[in-house]
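Close look at the chain arrangement
As a plain string of letters, each chain reads:
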Amino acid sequence: MWRCFLLLAFLTCTIGCGRSDGPKMIAVTGQITLDGKPLDAGSISFLPVDGNGVPSGAKISGGAYRADVPPGEKRVEIRAPKVVGQRDAYQGDPNSPKVDIIEERIPHRYNAQSELRAKVADKIPPIDFKLESASQ
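Residues numbered from 1 in each chain as written. Predicted model: local features only at pLDDT ≥ 70, side-chain atom pairs only at ≥ 80, totals over all residues. Heavy atoms only, no water.

A closer look at the environment of R109
Test applied: Helix and strand assignments follow DSSP, with helices taken as H or I runs no shorter than four residues and strands as E runs no shorter than two, numbered in order from the N terminus. By definition in these notes, contact holds between two residues if any of their heavy atoms fall within 4.5 Å. Two N or O atoms form a polar contact when they lie within 3.5 Å of each other; inside protein one atom must be a possible hydrogen donor and the other a possible acceptor, and for residues adjacent in sequence the pair counts only when both atoms belong to side chains.
You can see R109 is positioned in the loop between β8 (98-104) and β9 (116-120). Considering only alpha carbons, one finds R109 and S133, 24 residues apart in sequence, at a separation of 9.9 Å. If sequence neighbours within four positions are ignored, R109 has contacts with S114, E115, L116, E132 and S133. Of note is the side chain of R109, whose polar atom sits 3.2 Å from the side chain of Y110. A polar contact of 2.9 Å, which involves the side chain of R109, links it to the backbone oxygen of E132.

Dropping the structure here:
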C-alpha cells in the first residue's frame, strides 16, 4: 500500500510539474524616451498583429519597462496620461466631488493608431522606443 502511494505521488508530481497551462512567455525589456528624455511613467502593451494570442504589457517607470510577452509579431502601444485639471463629477451639484481631467501625452501614432511593431523571439535584445511629440 505504501509503495502505491509513493508511486502515485511521484507520477502526479512529474506529470503536473512539467506542464504549462499558458503560452510560452519571453522577458522583453527596454528604454522609452519622449523627445530624447526618459518617459517618467506610463504603460506599454504588446498586441498580436494577427489577432491570435494574448496581449501583454507592463508599467513604464523612469524610462524603463520589463514585460513577459508571448513570441510573435506584435503591435506596440505606449501610453502616458497626465492630469491637466479637475471638474465636477456631477454638473450643477455644488457638493459634487472633483474628478481629474486626463489627457494623453503621447501622440496617437504610438498608441490608439500605433505604427510601432516588435518581433518577439526566444533570444531578444532590449527593444527601445524613441518617441517624438507632435510639436517636434
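A look at the side chain of S96
Our working rule: Relative accessible area decides the class of each residue, using a 1.4 Å probe on protein chains only: under 20% of the type maximum gives buried, over 50% gives exposed, and in between gives partly exposed.
Relative to the elements of secondary structure, S96 occurs in the loop between β7 (81-88) and β8. Note on S96: relative accessible area 9%, which makes it buried. Only 3.0 Å separates the side chain of S96 from the backbone nitrogen of A89, close enough to count as a polar contact. Residue contacts for S96: discarding those within four places in its chain leaves D88, A89 and Y90.

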